[in-house]
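A structural walkthrough
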Amino acid sequence: MPTEANRDEAAGAATAGKAATGAGTARSGGSSPLTERQEARRRRILRACAQLAGRGGFDAVQMREVAESSQVALGTLYRYFPSKVHLLVATMQDQLETLHGTLRRRPPSGETPAERVAETLMRAFRALQREPHLADAMVRALTFADRSASPEVDQVSRQTTAIILDAMELTDPTPGQLSAVRVIEHTWHSALITWLSGRASIAQVGIDIETACRLVDLTAPQPTDTP
């Protein structure tokens, strides 16, 4: 017998058709930006998702409950987000965007780019640590995401890259620096997974992140000698 979650997913698929169109894709690079009313509705949905995940993790996020909590019709919810994986990945992007705003108001204080990036990522980690159920739900969704959720996953990656580049105080990174940023992103994501699964302590996470961040200084362009 199908579970309520499965019935909701099936209903959403029928309602949304091939999804990835309409209001949901407007935030993922679509041609039609959201209206003020649509953006307010989307924010209510993301807030409801974060609250449900914060209380009970991945399994607590049921699309019908998200719709009820955010006061939107279930079909409308699915037009914004075709599945709870899409929704949770978008929630992670939203959480990172909020963090980015906080970091801009209170930037890291390290002397070198590597120190600033490590401080930034540990602040991000501690923010997630305060709500472990939410963090676990978002990271699981990011891990489960298939090709259909690529726009949402790309948004998370771009947001993370922007946070790291801001910490490096870079606006025009070299290919080598961008490669280092990607390695750091992978390390941070992996560290989150190992911590959430109980296989790494916070101290170990800090060491791994600091080690990866040394790539920032190693890939910095070297000054040319002048005659």
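Structure first, text after, so check above.
My aim in this report is to walk through the structure given alongside it, one point at a time. Since we're looking at a predicted model, the values are computed, not measured.

The α-helix advances 3.6 residues per turn, and as a result positions three or four apart in sequence lie on the same side. An ideal rise of 1.5 Å per residue puts 32 Å on 22 residues; helix α10 (residues 175–196) measures up with 32 Å between its terminal C-alpha atoms. Taken together, the buried positions of α10 are occupied by Q177, A180, V181, I184, E185, W188, A191, L192, T194 and W195. On the buried face of α10, the contacting elements are α6 (84–105), α7 (113–129), α8 (132–144), α9 (150–168) and α11 (202–218). Trailing α10 by a residue or two, G198 shows a phi angle of about 80°, which is positive.

This next bit is on the packing of α9 against α10. It is at 10 Å that the axes of α9 and α10 come closest, and there the two elements cross at 115°. Of the two elements, α9 crosses α10, and the hand of that crossing is right-handed. Side by side, α9 and α10 meet where S157, T160, T161, I164, L165 and M168 of the first sit next to Q177, V181, I184, E185 and W188 of the second. Across the contact of α9 with α10, the residue classes break down as six nonpolar, four polar and one charged.

Right, let's get into the pattern of salt bridges. Opposite charge on two side chains allows them to pair when their charged atoms are near. Counted according to the given criterion, the structure contains five salt bridges. In this structure, R104 and D166 form a salt bridge, with 3.3 Å as the shortest nitrogen-oxygen distance. With R104 in helix α6 and D166 in helix α9, this pair connects stretches of sequence that are 62 residues apart. According to the relative accessible area criterion, R104 is exposed, its value standing at 57%.

Of note, L215 is situated in helix α11. Contact partners of L215, with chain neighbours within four places excluded, come to A180 and V183.

A few words now on the packing of aromatic side chains. The full count for this structure, using the stated rule, is three aromatic pairs. When the centroid spacing of 5.5 Å and the interplanar angle of 85° are considered together, the rings of F58 and F144 count as edge-to-face. Linking F58 in the loop between α3 (36–56) and α4 (63–70) with F144 in helix α8, this pair joins segments that are 86 residues apart in sequence. Overall, F144 belongs to the partly exposed group, its relative accessible area being 47%. Plain terms: the ring middles of Y80 and F81 are 6.4 Å apart, the flat faces sit at 40° to each other, and that makes the pair tilted. Across the pair, F81 and Y80 agree in class, each one buried.

Right, let's get into the side chain of T161. Along the polypeptide, T161 turns up in helix α9. A residue is classified by how much of its surface remains accessible, and T161, at 18% relative accessible area, is buried. Discounting residues that sit within four places of it in the chain, T161 has contacts with V181 and E185.

The rules we used
- Residues numbered from 1 in each chain as written.
- Predicted model: local features only at pLDDT ≥ 70, side-chain atom pairs only at ≥ 80, totals over all residues.
- Heavy atoms only, no water.
- Helix = DSSP H or I, 4+ residues; strand = E, 2+ residues; numbered from the N terminus.
- Expected span 1.5 Å × (residues − 1).
- Buried < 20%, exposed > 50% of the residue type's maximum accessible area, 1.4 Å probe, protein only.
- Contact = heavy atoms within 4.5 Å.
- Axes fitted to C-alpha atoms, helices over the stretch in contact; angles between N-to-C directions.
- Left-handed = near helix turned anticlockwise from the far one by under 90°.
- Nonpolar A, V, L, I, M, F, W, Y, C, P; charged D, E, K, R; others polar.
- Salt bridge = Lys/Arg side-chain N within 4 Å of Asp/Glu carboxyl O.
- Phe/Tyr/Trp six-rings, centres within 6.5 Å; stacked < 30°, edge-to-face > 60°.

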